[in-house]
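# Observations on the model geometry
Chain by chain, the residues:
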Amino acid sequence: MTPEDFLDWLSPVAKRVCKEFGLFSSVCIAQGALESGWGEAIIGKYNLFGRKWNGVGKYIEVSTQEYYDGEYHTIVAKFQDYDSLEEAVKDWCFLITEEPVYSPCLDVKDNLIQFVETLSPIYATDPHYADKIISTIRANDLTLYDD
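All values reported here derive from a predicted model rather than from experimental measurement.

### Concerning the environment of W9
Turning to its location among the elements, W9 is positioned in helix α1 (residues 3-21). For W9, a relative accessible area of 26% translates into the label partly exposed. For W9, the residues in contact, after removing those within four places along its chain, are M1, I42, K45, Y46, L48 and L85.

### Considerations on the layout of surface pockets
Taken as a whole, the largest pocket spans an internal volume of roughly 630 Å³. Looking at the largest pocket, it is lined by 25 residues, and the ones nearest its centre are E35, G50, T64, Q65 and E66. Those elements that provide at least two residues to the lining of the largest pocket are α2 (25-36), β1 (59-68), β2 (71-80), α5 (112-123) and α6 (129-139). Sorting elements by how many residues they give to the lining of the largest pocket places β1 first, with five residues. Broken down by class, the residue content of the lining of the largest pocket amounts to 13 nonpolar, six polar and six charged.

### Details of α1
Taking 1.5 Å as the rise per residue, α1 with 19 residues should run 27 Å; its terminal C-alpha atoms sit 25 Å apart, in good agreement. In α1, a bend of some 35° at L10 exceeds every other bend along the element, and P12, a proline, comes one to four places later. Turning to α1, the residues buried within the fold contact α2 and α3 (85-98). G22 sits one or two residues past α1 and shows a positive phi near 70°.

### Re the nonpolar core
One finds V27, V89, W92 and Y123 to be the most contacted residues of the largest nonpolar core, which totals 41 residues. At the level of secondary structure, the elements contributing two or more residues to this core comprise α1, α2, α3, α5 and α6. The element contributing the most residues to this core is α1, with eight residues.

### Re the pattern of salt bridges
In total, this model carries six salt bridges according to the counting rule given. Of the charged contacts, one joins D83 and K58 as a salt bridge, the two residues approaching to 2.6 Å between their closest N and O atoms. Within this pair, whereas D83 is found in the loop between β2 and α3, its partner K58 is found in the loop between α2 and β1, the two being separated by 25 residues in sequence. Of the charged contacts, one joins K132 and D126 as a salt bridge, the two residues approaching to 2.5 Å between their closest N and O atoms. The class of K132 is partly exposed, set by a relative accessible area of 37%. The buried category is assigned to D126, whose relative accessible area is 14%. Members of the salt-bridge network, linked through shared partners, are R16, E86 and K90.

Definitions and cut-offs
- Residues numbered from 1 in each chain as written.
- Predicted model: local features only at pLDDT ≥ 70, side-chain atom pairs only at ≥ 80, totals over all residues.
- Heavy atoms only, no water.
- Helix = DSSP H or I, 4+ residues; strand = E, 2+ residues; numbered from the N terminus.
- Buried < 20%, exposed > 50% of the residue type's maximum accessible area, 1.4 Å probe, protein only.
- Contact = heavy atoms within 4.5 Å.
- 1 Å grid on protein atoms, 1.4 Å probe; cavity = no way out; pocket = protein on both sides within 12 Å on 5 of 7 lines; lining within 4 Å.
- Points joined across faces, edges and corners; volume = space filled by probe spheres on them.
- Nonpolar A, V, L, I, M, F, W, Y, C, P; charged D, E, K, R; others polar.
- Expected span 1.5 Å × (residues − 1).
- Bend = angle between axes of the 7 residues up to and from the residue.
- Core = buried A, V, L, I, M, F, W, Y, C linked by side-chain atoms within 4.5 Å.
- Salt bridge = Lys/Arg side-chain N within 4 Å of Asp/Glu carboxyl O.

And the structure:
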C-alpha cells in the first residue's frame, strides 16, 4: 500500500470517528502510519495502531519489539484483532478517552503538540515517539484532516 492509498483508506474513517470523540484525526492517522509502516505491517486486517489485547474479544499473537531498560527487546505479545477499520479507529478513540491513564491527554486535547507530547510516553515505549508522530503529521499535512 502506498502512503496515498493508506491515507485514502484511513482518513475518511479517522476523520469521522475522531470528530465524534473530539480527538485529532491527524494523530490517529500518524499513529496508524507509524505503527503499521503506512499499511505494510497491519496486525490482522485492521490493527494498524499496534493495539495490545485488552482481554476482551479476539486477539493475534505476534513478535514485536519493546523498548525498556535502555534497549529494544523482542517479545511475543497478544494484539487486538478487529473486524473492521471503523472498529479499530473507535477502539483507539475509546482508549484515549476512557482509559484513566490517558486522562492527562484530555486536559490538553485542544493543543496538538501538547496532546502528542502527553500521549506518547503513555502509548509507546519508544523515547522518540512524539517526535515521530509530529514529524509524520507535518511531512504529510495531516492537520488537513482535523477540521
